[in-house]
Amino acid sequence: MARMSAEERRESVIRAAAKEFARGGYYGTSTEAIAKQVGVSQPYLFRLFPNKQAMFLAASARCLETTRDVFARAAEGLEGEEARSAMADAYMRLIAEDPHVLQMQLQMYVTVSAAEAAGDRELGELVREGWLKLWDTVAAPIGGDVKETTTFMAYGMLINTLTAMDFPPGHRIWEGLQPPGGAEGAGGADAADGKPARGSVE
């Protein structure tokens with residue numbers, strides 16, 4: 001078997017770090033756990049990344065990039081409501097198929113808040129920059145309308161919260177999740193299975 005290059009190892013560390021940080025948060029995750037997941041020693045880990053913060057920054061950037069790429073691919077060639085629905089569908093599949101993406105998002109927000117309170121703005125700047133790119137990725141195919149983009153992202157954050165708290169499909173808490181205008185077939189709970197709406201999502 002061919003040996004992995006340093007870049008391939010680095011990629012493995014980012015993937016492992018994202019999963020470990022998603023589960024345990026920044027403060028509850030050890031670099032030892034990340035090294036074990038990758039199958040390398042801690043000294044080698046620190047040849048790839050200078051410290052734990054750098055690993056968290058890389059994992060956070062990857063999480064935002066993944067979400068942004070999902071939106072961009074889903075909306076390619078579409079506009080308006082078609083683009084919005086396609087992005088929402090794609091995002092719901094993403095967090096259903098890879099829960100670590102949602103968990104990592106939530107850990108990012110908690111860690112940014114704690115870091116800012118301690119006077120460290122590096123992580124916050126990275127996450128804010130990534131979020132602005134995410135916003136722009138959503139805004140472009142739905143016409144650049146600020147209110148539409150705000151609604152889309154706001155619904156998404158609510159879906160993130162309800163999903164993270166494991167409210168089951170069909171629960172009454174999902175009933176108000178309808179896109180603006182209440183387009184038939186896109187809002188509220190899906191009639192067939194009671195799953196969350198596919199109209200607006202982060």
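Attention here is on the structure that accompanies the text. Because the structure is a prediction, the values reported are computed rather than measured.

What counts, and at which threshold
- Residues numbered from 1 in each chain as written.
- Predicted model: local features only at pLDDT ≥ 70, side-chain atom pairs only at ≥ 80, totals over all residues.
- Heavy atoms only, no water.
- Axes fitted to C-alpha atoms, helices over the stretch in contact; angles between N-to-C directions.
- Helix = DSSP H or I, 4+ residues; strand = E, 2+ residues; numbered from the N terminus.
- Parallel < 35°, antiparallel > 145°, perpendicular 65-115°, else oblique.
- Contact = heavy atoms within 4.5 Å.
- Nonpolar A, V, L, I, M, F, W, Y, C, P; charged D, E, K, R; others polar.
- Phe/Tyr/Trp six-rings, centres within 6.5 Å; stacked < 30°, edge-to-face > 60°.
- Buried < 20%, exposed > 50% of the residue type's maximum accessible area, 1.4 Å probe, protein only.
- Lys NZ or Arg CZ within 6 Å of the ring centre and 35° of its normal.
- Salt bridge = Lys/Arg side-chain N within 4 Å of Asp/Glu carboxyl O.
- Core = buried A, V, L, I, M, F, W, Y, C linked by side-chain atoms within 4.5 Å.
- Left-handed = near helix turned anticlockwise from the far one by under 90°.

Interhelical geometry of helix H1 (residues 6-24) versus helix H4 (residues 52-75) gives an angle of 90° and a closest axis separation of 9 Å. Regarding the angle of H1 to H4, the classification is roughly perpendicular. Contact with H1, carried on its side by Glu11, Val13, Ile14, Ala17, Ala18 and Phe21, involves Lys52, Met55, Phe56, Ala58, Ala59 and Arg62 of H4 and no other residues of that element. Among the residues making up the contact of H1 with H4, the classes are represented as nine nonpolar, no polar and three charged.

Now for unusual backbone geometry. The phi dihedral of aspartate 166 is positive, around 65°, even though this residue is not glycine. Structurally, aspartate 166 can be placed in the segment after helix H8 (146-164).

This part covers the packing of aromatic side chains. For the structure on display, the rule yields six aromatic pairs. Ring geometry for tyrosine 26 against phenylalanine 56: centres 5.2 Å apart, planes inclined by 75°, an arrangement best described as edge-to-face. Separated by 30 residues along the polypeptide, tyrosine 26 in the loop between H1 and helix H2 (31-38) and phenylalanine 56 in helix H4 bring together distant segments of the chain. For the residue pair tyrosine 26 and phenylalanine 56, the accessibility class agrees, reading buried in each case. Positioned above the aromatic ring of tyrosine 26, the side-chain terminus of lysine 52 is 4.6 Å from the ring centre.

Before going further, it helps to spend a moment on the pattern of salt bridges. Evaluated as defined, the whole model comprises eleven salt bridges. The shortest N-O distance in the salt bridge between arginine 15 and glutamate 11 comes to 3.6 Å. One end of the pair is arginine 15 and the other is glutamate 11, both in helix H1 and four residues apart, which spans about a single turn. Its relative accessible area of 46% is what places arginine 15 among the partly exposed residues. The class of glutamate 11 is partly exposed, set by a relative accessible area of 24%. Where salt bridges share partners, they join Glu11, Arg15, Arg62 and Glu65 into one cluster.

Here we come to the nonpolar core. Judged by nonpolar contacts, the single largest core of 52 residues is most densely connected at Val13, Phe21, Ile34, Phe49, Met55, Met87 and Met104. Sorting the residues of this core by element identifies H1, H2, helix H3 (42-48), H4, helix H5 (80-97), helix H6 (99-117), helix H7 (122-139) and H8 as the ones contributing at least two each. With twelve residues, the top contributor of residues to this core is H4. If sequence neighbours within four positions are ignored, methionine 55 has contacts with Val13, Ala17, Phe21, Thr31, Ile34, Leu45, Phe46 and Phe49.

Turning our eyes to something else, we now look at the packing of H6 against H7. Here H6 crosses H7 at 140°, and the two axes come no closer than 9 Å. Relative to H7, H6 is oriented oblique. H7 is crossed by H6, and the crossing has left-handed handedness. Residues Met108, Tyr109, Thr111, Val112 and Glu116 of H6 pack against Leu123, Gly124, Val127, Arg128 and Trp131 of H7. Here the residues of the contact of H6 with H7 are counted per class, giving six nonpolar, two polar and two charged.

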